[in-house]
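Observations on the model geometry
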Amino acid sequence: MLDNILLGRNGDDGTETLADLCEAVIHNADRFTLFQQLTGKRQRLVKAVRAAEAVAVVDAIQW
């Protein structure tokens, strides 16, 4: 799979190596994991806002 991705990323010039791509994949996977956690937190906060029955309750919600 990575070989095919590399072919698409390099086009005709072939400047990126498989090792470069592997580093990028690992870096992106770490960031994606953090992003998923933030997405879950945002969804929890949205749920709390929707369940709030008063403005004061919404005002008390913290990130």
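The structure displayed is predicted, hence computed values, not measured ones.

What counts as what
Residues numbered from 1 in each chain as written. Predicted model: local features only at pLDDT ≥ 70, side-chain atom pairs only at ≥ 80, totals over all residues. Heavy atoms only, no water. Helix = DSSP H or I, 4+ residues; strand = E, 2+ residues; numbered from the N terminus. pLDDT = per-residue confidence, 0-100. Salt bridge = Lys/Arg side-chain N within 4 Å of Asp/Glu carboxyl O. Buried < 20%, exposed > 50% of the residue type's maximum accessible area, 1.4 Å probe, protein only.

1. Quick look at the environment of Leu34
Summarising the element assignment, Leu34 is placed in helix α2 (residues 18-51). Sequence separation between Leu34 and Asp59 is 25 residues; the distance between their C-alpha atoms is 26 Å.

2. Things to note about the confidence of the model for the protein
Taken residue by residue, the protein gives an average pLDDT of 93. The fraction at 70 or more is 100%. At the level of individual helices and strands, the protein shows its lowest average pLDDT in helix α1 (residues 2-10), which scores 91, and its highest in helix α3 (residues 55-60), which scores 95.

3. Observations concerning the pattern of salt bridges
Tallied over the full model, the rule gives 1 salt bridge. The partner of Arg9 in a salt bridge is Glu16, and the shortest N-O contact between them spans 2.9 Å. We classify Arg9 as partly exposed; its relative accessible area is 47%. Residue Glu16 is classed as buried on the basis of its relative accessible area of 17%.

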